[in-house]
Structure formats: structure tokens, C-alpha cells
Amino acid sequence: MQDGSVLAASADEKAPGSREKGLNRVLEILEFLHTTQRAIGIGDLAKGVNAPRSTTYTLVRSLVDAGLLEMAGDGNRVYFGKKLYLYGMDYVRGNDLLRRGRQEVDHLSRETGETSELCMLQSGRYTIVHSSPGTRPFRISSATGLQIPLPWTASGRLLLAGLDRVAIEAMVSDDDLVLPDGRKLQLDDFIADIAKAGVTGYCVTSGLVDAYTKCLAVPVFSAPGKVEATMCLVVPIDTSEERTADLIGLLRGRAAGLSIGA
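Residues numbered from 1 in each chain as written. Predicted model: local features only at pLDDT ≥ 70, side-chain atom pairs only at ≥ 80, totals over all residues. Heavy atoms only, no water.

Caption draft 1: Spatial organisation of the overall build of the chain. What the chain contains, in helices and strands, is nine helices and nine strands. When contacts within the chain are restricted to residue pairs at least 6 apart in sequence, long-range pairs at least 24 apart make up 53% of them. Summed over its atoms, the accessible surface of the chain is roughly 13700 Å², and 53% of this surface lies on carbon and sulfur atoms. (Helix = DSSP H or I, 4+ residues; strand = E, 2+ residues; numbered from the N terminus. Contact = heavy atoms within 4.5 Å. Areas by Shrake-Rupley, 256 points an atom, 1.4 Å probe, with all protein chains shown as cover.)

This is the structure we're talking about:
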């Protein structure tokens with residue numbers, strides 16, 4: 001079956017705009033699988049995207065035939081297919097910042113022994129686009145593709161630098177301000193942190209995602225004043241101020257090498 005067949009859902013084939021509806025359903029399916037991070041049954045998938053089971057089944061069958069999804073386990077669950085992986089590798093090869101950024105992150109992790117990340121905005125969320133684990137005996141939670149509310153992160157404060165209050169409010173919900181331990185950040189404080197990060201050119205947050213780590217982040221620019229990504233290190237919360245300052249300096253040097261017109 002041709003790849004174009006994934007755009008139409010049989011239940012709506014004759015309805016006006018059915019192709020657009022089918023495309024929206026496809027995007028919802030892909031986003032749901034990305035969010036759940038695991039193979040899932042067709043019934044649960046249909047519930048997750050709020051679509052009829054018959055429509056979801058037809059779309060999934062077309063996506064499987066196109067190689068974009070694959071059946072997993074007993075054949076009743078579905079997940080991403082090899083073709084999406086190949087498309088992703090094409091994106092990496094075609095995106096100079098991402099390609100060079102991945103190399104810098106890996107090098108930074110080896111050099112410092114700390115968990116290193118390259119992060120960007122995706123669908124209004126802080127997203128780890130590449131992560132390299134440190135050499136410490138305990139593992140810090142960090143994984144490529146992980147999406148986290150912007151207020152939980154140092155990178156989020158840098159990625160929003162330069163935006164006005166209205167734009168920031170549009171990207172941050174009340175739920176985003178609630179930390180994993182139940183504490184709630186104040187929106188005014190978050191906006192003030194964004195302004196400060198934009199002026200200092202780096203950001204440090206402690207004990208937001210968990211009680212044991214702090215994050216050091218610096219911006220990567222795609223044009224003067226335009227933050228395209230961040231490079232960050234996730235370190236133990238008791239890391240000394242001297243060590244923290246040294247790591248921030250190292251991060252700023254590496255990020256400057258990736259930036260354009262900073």
C-alpha cells in the first residue's frame with residue numbers, strides 16, 4: 001500500500017475534508033505513541049486519541065503497511081516502525097545544529113563525567129533531543145525524546161527568553177507550574193527567572209524535577225538574540241559553587257561554538 005493511503009480514514013472517506021481529518025488523526029496517533037513511550041493496543045489507542053475504533057484500526061493498518069508503525073508483541077499492540085527511525089536519521093544528517101550538538105554533548109559528558117543534554121522547544125514543551133549519561137555510579141533520569149513542562153527546567157527559562165508575557169502565558173498552563181513533589185511555582189516568579197536568564201546568559205535550577213539534582217543550562221543561538229536550543233548539565237545538588245561556575249564556563253564556551261551570530 002502506498003504511503004499516501006495513511007491520509008484517509010475509511011469511516012470519513014466521503015465526508016468533506018476527510019483527507020485533512022485523516023491527517024489530523026495520523027498526527028494524533030503519532031503524538032500519543034510518543035507521549036506514552038510504549039507499544040499499545042488498538043482499543044487503548046482509539047480511546048487515547050478519542051477516535052472510533054474502526055477508524056483507528058484502518059489508519060493503523062495503513063501506517064503499518066507504509067512501515068511507519070509496526071505490530072508488537074502478540075500482534076495486538078502497535079508502536080513506531082523502522083521507517084520513522086530512518087526519517088529521523090535523515091533529519092539528524094540534514095540539521096547542522098543537531099548533528100554538531102550531538103557530538104558536543106557526547107564530548108562534554110566524557111570530559112566532565114556529568115549527564116549532558118541538548119534541548120529544544122517542541123510543541124510547547126522542553127524536549128531533550130540528545131542526551132549522554134555521565135560516569136557517576138547513580139543514574140540521573142534523562143532520555144532523548146523526554147518532554148517536560150518548561151517551568152521545571154533551567155533550559156525552559158532560556159528557551160523562552162525574549163518572549164513577552166502574553167506569549168509565555170500561552171505556552172504555560174497551571175498544571176505546568178506544579179512540580180513533581182506538589183509544590184506550585186508562581187507565574188510571576190517564573191517570568192522573572194526568564195528575564196534574568198536572558199540577561200545573564202545562563203540559568204541554574206535546583207531541586208525542581210527531583211530533590212537530588214540541579215541543572216546548569218546555556219543558550220545556543222540560531223541568529224542574534226534567537227535561542228534555538230540549550231546545552232545543559234545535570235549534576236548532583238550538592239555540587240560546589242566553584243565546580244558549578246567552572247561547568248557553566250565550559251558550557252558557555254561549547255554553546256558559543258555552536259551558535260550563529262551570538
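Caption draft 2: Region of the structure containing the packing of helix 4 (residues 82-94) against helix 5 (residues 96-112). Two elements in contact, helix 4 and helix 5, have axes separated by 5 Å at closest approach and are oriented at 90°. Judged by the angle between their axes, helix 4 and helix 5 are roughly perpendicular. Contacts from Tyr91, Val92, Arg93 and Gly94 of helix 4 reach helix 5 at Asp96, Leu98, Arg99 and Arg102. The residue makeup of the contact of helix 4 with helix 5, split by class, is three nonpolar, one polar and four charged. (Axes fitted to C-alpha atoms, helices over the stretch in contact; angles between N-to-C directions. Parallel < 35°, antiparallel > 145°, perpendicular 65-115°, else oblique. Nonpolar A, V, L, I, M, F, W, Y, C, P; charged D, E, K, R; others polar.)

Caption draft 3: Inspection of helix 1 (residues 18-36) at higher detail. Taking 1.5 Å of rise per residue, the 19 residues of helix 1 would be expected to cover 27 Å, and the 27 Å separating its terminal C-alpha atoms lies within 8% of that figure. Here helix 1 has its buried residues at Ser18, Gly22, Val26, Ile29 and Leu33. Seen end-on, helix 1 carries its buried residues on one side only, within an arc spanning 85°. Where helix 1 is buried, its residues touch strand 1 (40-41), helix 2 (42-48), helix 3 (53-65), strand 2 (69-72) and strand 3 (77-80). Looking one or two places after helix 1, you find Gln37, whose phi comes out positive at around 60°. (Expected span 1.5 Å × (residues − 1). Buried < 20%, exposed > 50% of the residue type's maximum accessible area, 1.4 Å probe, protein only. Arc of directions from axis to C-beta.)

Caption draft 4: Looking closely at the nonpolar core. With 24 residues, the main nonpolar core has Tyr126, Leu160, Ile168, Phe190, Ile194 and Cys232 as its most contacted residues. Elements with a contribution of two residues or more to this core: strand 5 (125-132), helix 6 (154-159), helix 8 (187-200) and strand 8 (213-223). At four residues, the largest contribution of residues to this core is made by helix 8. Ignoring sequence-local partners within four residues, the contact set of Phe190 consists of Leu150, Pro151, Arg157, Leu160, Ile168 and Val172. By size, the runner-up hydrophobic cluster in this structure holds 19 residues, among which are Val220, Ala229, Ile248 and Ala255. (Core = buried A, V, L, I, M, F, W, Y, C linked by side-chain atoms within 4.5 Å.)

Caption draft 5: Summary view of the packing of aromatic side chains. For the coordinates displayed, the defined rule picks out one aromatic pair. Summarising the aromatic geometry, the rings of Tyr79 and Phe80 are spaced 5.0 Å apart at their centres and angled 50° between planes, so their arrangement reads as tilted. For Tyr79, a relative accessible area of 24% puts it in the partly exposed group. Overall, Phe80 belongs to the partly exposed group, its relative accessible area being 26%. (Phe/Tyr/Trp six-rings, centres within 6.5 Å; stacked < 30°, edge-to-face > 60°.)

Caption draft 6: Representation of the side chain of Glu114 in the model. Looking at where Glu114 falls in the secondary structure, it is placed in the loop between helix 5 and strand 4 (115-122). Since its relative accessible area comes to 1%, Glu114 is described here as buried. The residues contacting Glu114, other than those within four sequence positions of it, are Ser109, Ser132, Pro133, Gly134, Arg136, Leu233, Val234, Val235, Pro236, Arg243 and Leu247.

Caption draft 7: Structural context of the pairing of strand 8. For strand 8, a buried count of eight out of eleven residues is recorded, marking the element as mostly surrounded by other parts of the structure. Taken together, the four bridges between strand 7 (residues 203-206) and strand 8 define a ladder with antiparallel strand orientation. Across the sheet, Ser206 pairs through a bridge with Lys214, a residue of strand 8. Of the pairings in the sheet, the one linking strand 8 to strand 9 (residues 226-236) comprises ten bridges and is antiparallel in character. (Pairing = 2+ DSSP bridges.)

Caption draft 8: Spotlight on unusual backbone geometry. If you check the backbone angles, Gln37 has positive phi at about 60° while not being a glycine. With respect to the helices, strands and loops of the structure, Gln37 is situated in the loop between helix 1 and strand 1. Even without being a glycine, Asn50 presents a positive backbone phi close to 55°. Turning to its location among the elements, Asn50 is positioned in the loop between helix 2 and helix 3. Judged by relative accessible area, which is 66%, Asn50 ranks as exposed.

Caption draft 9: Fine view of the environment of Tyr79. Within the fold, Tyr79 resides in strand 3. Taking C-alpha positions, Tyr79 is 8.8 Å from Leu68, a pair spaced eleven residues apart along the chain. Apart from the residues within four sequence positions on either side, Tyr79 is in contact with Leu33, Gln37, Arg38, Ala39, Leu69 and Glu70.

Caption draft 10: Structural view of helix 3. Taking 1.5 Å of rise per residue, 13 residues should cover 18 Å, and helix 3 covers 18 Å from first to last C-alpha, within 8% of that figure. Listed as buried for helix 3 are Thr55, Thr56, Thr58, Leu59, Val60, Ser62 and Leu63. Where helix 3 is buried, its residues meet helix 1, helix 2, strand 2 and strand 3. Just beyond helix 3, the residue with positive phi is Gly67, at close to 85°.

No statement about biological role is implied by the geometric values presented.
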